[in-house]
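# What the coordinates show
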Amino acid sequence: MNKRHVIELSPSGKTFEAGDELLLGAMLASGLAVPFSCRRGACGSCKVVVAEGAYRAKRLAPGAPAPSYPLAANEMLLCQSHACGDMRLRIPGWSLDTPALVVAAQVHSKRALGPDVIELVL
Ligand code: FES
């Protein structure tokens, strides 16, 4: 059975559960708004400070590039990490109490920039 860990976000005190999945996916699945962009360890949008707890890095596929975003010793990327137990995290410069910005728009154009990147003009 997939053991679930409790991840607390400070200072809000909000929590979510995570098992073997990546922490970013677990947090999004719980309905919490979290900053992210590339999901491959390059942009740093999902960087958090680890206040307590242990984690392990995502296992890379053979030949896959290692995450390139530079991190301090107490930081990790939610998109590249799995919890190993209960944790307490802090997201610098981000408030979970800020409601998501919702904007109505129409797609004006769509263009493939690469195999996994699409440019949308709204
Ligand atoms: S989403 Fe870009 S580094 Fe995690």
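Since the model is a prediction, treat every value here as computed from it, not as a measurement. (Residues numbered from 1 in each chain as written. Predicted model: local features only at pLDDT ≥ 70, side-chain atom pairs only at ≥ 80, totals over all residues. Heavy atoms only, no water.)

## A look at the sheet that holds strand 2 (residues 14-18)
Read from one edge to the other, the open sheet built from 5 strands follows the order 2-1-7-3-5, with strand pairing classed as mixed. Strands at the two margins of the open sheet, each flanked by one partner only, are strand 2 and strand 5 (75-77). Averaged over all pairs of adjacent strands, the angle between strand axes in this sheet comes to 40°, irrespective of strand direction. With 5 bridges connecting them, strand 1 (residues 5-10) and strand 2 associate as antiparallel partners. Considered in strand 2, the bridge of Glu 8 is made with Thr 15. (Pairing = 2+ DSSP bridges. Helix = DSSP H or I, 4+ residues; strand = E, 2+ residues; numbered from the N terminus. Axes fitted to C-alpha atoms, helices over the stretch in contact; angles between N-to-C directions.)

## Structural notes on the pairing of strand 3 (residues 47-52)
Pairing geometry for strand 3 and strand 5, over 3 bridges, is antiparallel. Bridge pairing links Lys 47 to Leu 77 in strand 5. Pairing geometry for strand 3 and strand 7 (residues 87-90), over 3 bridges, is antiparallel. Each bridged residue has a counterpart across the sheet, and for Glu 52 the counterpart in strand 7 is Arg 88.

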